[in-house]
Amino acid sequence: MKYSKVALILSWGVILACLLWIHPWKGADAHVKLGMQFTGGIDMMVAFKGNVHQEDVRNALYAGGVQQAAVVAYQDKPGVAMFSIKVKARKGQDEKDSTSQIKQITDALKSLDAKAASDHRLDLNTESVGAIVDTWMKANPLGVQGDETALRLAYEPWVDKVIKAREKASPMSDYNQLPSDLPGSLRASLEKDYRLGNLTILKNESFSPSISGEWTWKTLSAVGWALVAILVYVLFRFTLSFSVGGIVALIHDVLMALGLFVLFGFEFSVPVVASFLILIGYSMADTIVVFDRIRENSHKPEYRRVDIVKLVDDSINQTLSRTILTSMSVLFVAVCLFVWGGHALRDLAFPLVVGVITGTYSSIFIASPVVVFLDHQFGGKEKLKQHA
């Protein structure tokens, strides 16, 4: 309790500074990055083999008629440049419009392939599964006997293998990267009909504005129900002062994680919201461990005549070792996800890293001081013991 006032000023000061920078009261103009799941639009991840820069991609999209694209560069492995491309949906945009826009984006990106002008074969790295199946069914290099169903059953498994090899290479740069057990006739067919371009599409998702609104409502409902369930449980299990302390700590942890998440420029998506729900659960679990020890100690004879501050201090010290050991083990996992999980898991892992740290911190410096304050103001230790 000695440093509780300093801790309260410091942590709530950081939260206030983050909120002033975010400007949440400005609505759509706030400094918050929302994923395509919430705003609607196209979310693509592409990879180029060779020396392709972010500005090259932007210029190609602009020249191809996609002026509103947001392009972010990633470096995943040497010699391969990866880019996230996001285009917000227009008002009234439907699935047909999205399909047309995806084709427009892909065609614009293909213009960055210098060899396309001299080699007019189709590009195996961007060809769709269905198109390869149709090509093989038409040419029938394996000489399969039977109707269309028999041909499809014969060629689809081989196409799946080719696509998996393509995804592993991202993009494929040599025909030797084709599956080793691919029949010679199919390999010869691919080498004859397809060239290996420098572009591959790693992810291709579109979200209509109507679906995005539904996802936003469902996500907010999940967060709301989680908070209500925790509030009801804590009210039922502990006294009112414990409940208020737990909820204040929970709000502190969520606001701290949200503020830092936005401040560092991460983007909200549905998986990120799931990580915030995990944060809420972890924070409350850590707080309840401390609260439970306070309640147990309050019934012991040696604590009957001591001040509530000593009761809380001793209880925190008795659980501190367990709290640190548990938190460190979870923190190691979250940090590993953040550092080595790649860009796909970085947004998801950041709230967990912050949540583990702030959850441990708030159990000691936020929740417990609030309990002490409320007990001094409205209860007294005897009342705490009576209702705990």
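Since the structure is predicted, the reported quantities are computational estimates derived from the model, not experimental observations.

Undergrad: What am I meant to see in the environment of F338 here?
TA: Relative to the helices and strands, F338 is located in helix α11 (residues 308-340). With 46 residues separating them in the primary sequence, F338 and D292 have C-alpha atoms 32 Å apart.

Undergrad: Even after reading the chapter, I still don't get the pattern of salt bridges, so can you show me in this structure?
TA: It is possible for side chains of opposite charge to pair when their charged atoms get near one another. For the structure shown, the criterion picks out 14 salt bridges. As a salt-bridge pair, R121 and D119 come within 2.9 Å of each other at their nearest N and O atoms. The partly exposed category is assigned to D119, whose relative accessible area is 22%. Among the salt bridges present, the one from D181 reaches K161, with a minimum N-O distance of 2.5 Å. Of the two residues, D181 sits in the loop between α6 (148-169) and α7 (184-193) while K161 sits in helix α6, which places them 20 residues apart along the sequence. Accessibility expressed as a relative area gives 41% for D181, which makes it partly exposed. Overall, K161 belongs to the partly exposed group, its relative accessible area being 36%.

Undergrad: Before we go on, may I ask you to explain α11 in this structure?
TA: Because the α-helix completes a turn every 3.6 residues, residues three or four places apart line up on one side. Over its 33 residues, α11 runs 45 Å from end to end, which matches the ideal 48 Å to within 8%, given 1.5 Å per residue. Among the residues of α11, the N-terminal cap falls to D307, whose side-chain oxygen and the backbone nitrogen of V309 are separated by 2.9 Å. A positive backbone phi angle near 80° is found at G342, which sits one or two residues after α11.

Cut-offs used in this document
Residues numbered from 1 in each chain as written. Predicted model: local features only at pLDDT ≥ 70, side-chain atom pairs only at ≥ 80, totals over all residues. Heavy atoms only, no water. Helix = DSSP H or I, 4+ residues; strand = E, 2+ residues; numbered from the N terminus. Salt bridge = Lys/Arg side-chain N within 4 Å of Asp/Glu carboxyl O. Buried < 20%, exposed > 50% of the residue type's maximum accessible area, 1.4 Å probe, protein only. Expected span 1.5 Å × (residues − 1). Polar contact = N/O pair within 3.5 Å; in protein donor to acceptor, adjacent residues only side chain to side chain.

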